[in-house]
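# Geometric and topological summary
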Amino acid sequence: MKYNYVGQIYQNRYYSIEVVDPIGLLNVGSYIHRNPIETKEPMVDSMENYLSIFILSILLL
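Summary of the structure given here. This is a predicted model, so every value here is computed, not measured.

### Side note on the overall build of the chain
Summing up its helical and strand segments, the chain has two helices and zero strands in all. A total accessible area of about 6300 Å² is found for the chain, and carbon and sulfur atoms account for 59% of it.

### Considerations on the environment of V19
Considering the arrangement of structural elements, one finds V19 in the segment before α1 (22–34). V19 gets classed as partly exposed once you look at its relative accessible area, which sits at 38%. Excluding anything up to four places from it in sequence, V19 contacts G24, L25 and V28.

### A short note on the pattern of salt bridges
Opposite charge on two side chains allows them to pair when their charged atoms are near. Summed over the entire model, instances satisfying the criterion amount to one salt bridge. Residue E38 pairs with R34 through a salt bridge whose shortest N-O separation is 2.8 Å. Given a relative accessible area of 52%, E38 falls into the exposed group. The exposure class of R34 is partly exposed, given its relative accessible area of 34%.

What counts and how
- Residues numbered from 1 in each chain as written.
- Predicted model: local features only at pLDDT ≥ 70, side-chain atom pairs only at ≥ 80, totals over all residues.
- Heavy atoms only, no water.
- Helix = DSSP H or I, 4+ residues; strand = E, 2+ residues; numbered from the N terminus.
- Areas by Shrake-Rupley, 256 points an atom, 1.4 Å probe, with all protein chains shown as cover.
- Buried < 20%, exposed > 50% of the residue type's maximum accessible area, 1.4 Å probe, protein only.
- Contact = heavy atoms within 4.5 Å.
- Salt bridge = Lys/Arg side-chain N within 4 Å of Asp/Glu carboxyl O.

Encoded structure:
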């Protein structure tokens with residue numbers, strides 16, 4: 001570790017698993033896009049108020 005911090009906040013937070021089928025990919029995408037409104041303190045009131053980077057990147061192509 002770069003700064004020698006230990007504890008729940010600094011360790012074992014991120015992990016990865018393989019997405020092996022289309023349904024799994026849909027579940028991951030749904031989680032990512034709904035995350036701003038389903039947290040303890042939502043970033044926005046509704047999805048209409050949140051323009052995701054994914055949608056923005058498609059519009060800019």
